[in-house]
Structure formats: C-alpha cells, structure tokens
Amino acid sequence: MEMLFSDLKHPDLEQRIRRTYAPSLYFNDTLRTYRTLEEVVDYLLETANRVTETKAQFEEISSSNESYFIRWKMIMKFSVNGETIETESIGVSQIKFDSSGKVIFHQDFWDNTEGFFRHLPLVGYVLDKTIQKL
C-alpha cells in the first residue's frame, strides 16, 4: 500500500490500485466513500490528475484482530489558481484484507481541514476567520 500512495503519478497507478483492492469493498478517506473497485480506480486516477506530486511514508503499523492500523504522513503538491500548494498531513488508516490479500476495508482518519481545505482560496479564508473567532 505504501508504494501505491507514495507516488500517485506513477505510470502503473491503475494496475497498482487493481492489485491492492478487492472488487467489492468499503473505502473512505474522509472526503469520499466508495464500495467498488471501479469507483476507487476512478477516484484515485482523478486525484492523481489533480496533484503534481505525492509522498507517503508509513510511520507505524499495528494489528488487532482482523484489522491493521497504519500511522502515516503524506505530502501532496497541487495547484490552485496557478499557485502551487504543498500540504503535509498525518493520519491513521484502518485496513482489512480478504483471504487473497486484497483490501476489502479502508478507513482513513486524518484532519482534512488542515491537510486540504485550509489551502483552498475561499474555503481557507472562511476557515481561518472561523477558527480565529473560537
């Protein structure tokens, strides 16, 4: 999985996704939820087209019963209105595999406000003003 998310610009991205995820699954990255491999393929390919660079680093992996928990750090670069934005996010993913080793459950836990929304022009301004008033 680290190879998959460490470089969303990799020329074999679609094949990597198909090797990683099962045809029927649950995938939620706090921004979107999907239940089929085809939806995940479309989403990650669309994401790859919107970013200029990604770097993912798995910091720690632990397991409990049938779940694996991966603590990670991700750096993404993307453009908004011609300006290059670089974000760094930390998070945890809960992952479950089927008997063939493909992911059937993928739930991310991360602060998408700090890692993504705060960097969008209008949304970021509104979030900053709201947070200042708290």
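Further up the page is the structure itself.
Residues numbered from 1 in each chain as written. Predicted model: local features only at pLDDT ≥ 70, side-chain atom pairs only at ≥ 80, totals over all residues. Heavy atoms only, no water.

S.K.: Can you help me understand the nonpolar core in this one?
M.R.: As a rule of thumb, soluble globular proteins bury nonpolar side chains together. Ranked by size, the top nonpolar core spans 27 residues in total, and within it Phe 5, Ile 17, Tyr 21, Phe 27, Val 40 and Leu 44 carry the most contacts. Put simply, the parts of the chain that give this core at least two residues each are helix H1 (2-6), helix H2 (13-20), strand E1 (21-28), helix H3 (37-50), strand E3 (51-64), strand E4 (67-80), strand E5 (83-97) and strand E6 (103-110). Contacts of Leu 44, omitting those with residues within four sequence positions, involve Phe 5, Leu 13, Ile 17 and Phe 27. (Core = buried A, V, L, I, M, F, W, Y, C linked by side-chain atoms within 4.5 Å. Buried < 20%, exposed > 50% of the residue type's maximum accessible area, 1.4 Å probe, protein only. Helix = DSSP H or I, 4+ residues; strand = E, 2+ residues; numbered from the N terminus. Contact = heavy atoms within 4.5 Å.)

S.K.: Can you walk me through the environment of Glu 46 in this structure?
M.R.: Summarising the element assignment, Glu 46 is placed in helix H3. Taking the relative accessible area as the measure of exposure, Glu 46 reaches 32% and is therefore partly exposed. Taking the C-alpha atoms as reference points, Glu 46 and Leu 8, separated by 38 residues in sequence, lie 10.0 Å from one another.

S.K.: Whenever I open this one, the pattern of salt bridges confuses me. Can you help?
M.R.: Should their charged atoms come close, side chains of opposite charge can pair. Applying the stated rule across the entire model yields 7 salt bridges. As a salt-bridge pair, Arg 18 and Glu 14 come within 3.0 Å of each other at their nearest N and O atoms. Taken together, the residues span about one helical turn, with Arg 18 and Glu 14 both in helix H2 at a distance of 4 residues. Here Arg 18 falls in the partly exposed class, since its relative accessible area comes to 28%. Across the salt bridge formed by Glu 86 and Lys 77, the nearest N and O atoms sit 3.7 Å from each other. Note on Glu 86: relative accessible area 48%, which makes it partly exposed. (Salt bridge = Lys/Arg side-chain N within 4 Å of Asp/Glu carboxyl O.)

S.K.: Before we go on, may I ask you to explain H3 in this structure?
M.R.: End to end, H3 covers 20 Å across 14 residues, agreeing with the expected 20 Å (1.5 Å per residue, within 8%). Where H3 is buried, its residues contact H1, H2, E1, strand E2 (33-36), E3 and E4. (Expected span 1.5 Å × (residues − 1).)

S.K.: I tried to follow the pairing of E2 on my own but got confused; where do I start?
M.R.: Residues in a regular strand project their side chains so that they alternate between the two faces of the sheet. Across 3 bridges, the pairing between E1 and E2 is antiparallel. Considered in E2, the bridge of Ser 24 is made with Thr 36. Taking the residues between adjacent antiparallel strands as the criterion, E1 and E2 are bridged by 4 residues, where Thr 30 takes a positive phi near 75°. (Pairing = 2+ DSSP bridges.)

S.K.: Honestly, the packing of aromatic side chains in this entry has me stumped. Any pointers?
M.R.: Remark: the centre distance and the inter-plane angle together describe each pair of aromatic rings, the angle taken between the planes. Taken as a whole, this structure holds 6 aromatic pairs when the rule is applied. Judged by centre distance (6.2 Å) and plane angle (70°), the rings of Phe 27 and Tyr 43 are edge-to-face. Here Phe 27 is found in strand E1, whereas its partner Tyr 43 is found in helix H3, with 16 residues between them in sequence. Here Phe 27 and Tyr 43 have matching classes, each one buried. (Phe/Tyr/Trp six-rings, centres within 6.5 Å; stacked < 30°, edge-to-face > 60°.)

Function cannot be read off these values alone, since they describe shape.
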